[in-house]
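Breakdown of the fold
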Amino acid sequence: MMSWKHRLQAVAAALFGVQSQKNRQQQFSGSPWPYLGLGALAIVGLVLVLLLVVRLVLDI
């Protein structure tokens, strides 16, 4: 069983596309729900950060 830290690292690696085959196989052996939830939160966070950066740049 993977810890939340490892799951978060796996989601970050998947978002950047730098995941090893060994890690990918290990993740697909369990439930996909923790990865889907963390992935959705990471994408929402990324969108919010991008919106903040755009607003800061346009205000200058």
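Residues numbered from 1 in each chain as written. Predicted model: local features only at pLDDT ≥ 70, side-chain atom pairs only at ≥ 80, totals over all residues. Heavy atoms only, no water.

Examining the overall build of the protein chain
Just so we agree on the cut-off: What counts as a helix is a DSSP run of H or I of at least four residues, what counts as a strand is a run of E of at least two, and both are numbered from the N terminus. Values of the radius of gyration come from C-alpha atoms, whereas the globule rule sets the reference at 2.2 Å times the count of residues to the power 0.38. A 1.4 Å probe rolled over the protein chains alone gives each residue an accessible area, and that area as a share of the maximum for its type sets the label: buried under 20%, exposed over 50%, partly exposed in between. Each accessible area is a Shrake-Rupley estimate made with a 1.4 Å probe; only the visible protein chains count as cover when residues are assessed.
Counting its regular elements, the protein chain contains three helices and zero strands. Each helix and strand of the protein chain, ordered N terminal to C terminal, gives the series α-α-α. Its C-alpha radius of gyration of 15 Å places the protein chain more than 25% over the 10 Å reference for a compact globule of 60 residues. Projected onto its principal axes, the C-alpha coordinates of the protein chain cover approximately 50 × 20 × 15 Å. Residues classed as buried in the protein chain amount to 18% of the 60 residues present. Counting every atom, the protein chain has about 5200 Å² of accessible surface; 72% of that belongs to carbon and sulfur.

Digging into the layout of surface pockets
The condition that has to hold: Using a grid of 1 Å spacing that covers the protein atoms alone, one calls a set of points a cavity when a 1.4 Å probe fits there but cannot get out, and a pocket when the set is open and has protein on both sides within 12 Å along at least five of seven lines; lining residues are those with an atom within 4 Å of a point. Grid points are joined across faces, edges and corners, and a volume is the space filled by probe spheres set on the points. Three classes are used, and their members are as follows: Ala, Val, Leu, Ile, Met, Phe, Trp, Tyr, Cys and Pro are nonpolar, Asp, Glu, Lys and Arg are charged, and the others, Gly among them, are polar.
Reported here for the largest pocket is a volume of approximately 270 Å³. Lining the largest pocket are 13 residues; nearest its centre among them are Gln 27, Phe 28, Pro 32, Tyr 35 and Leu 36. Listing elements by their share of the lining of the largest pocket, those giving two or more residues are α1 (4-16), α2 (21-27) and α3 (33-59). Here the residues of the lining of the largest pocket sort into seven nonpolar, five polar and one charged.

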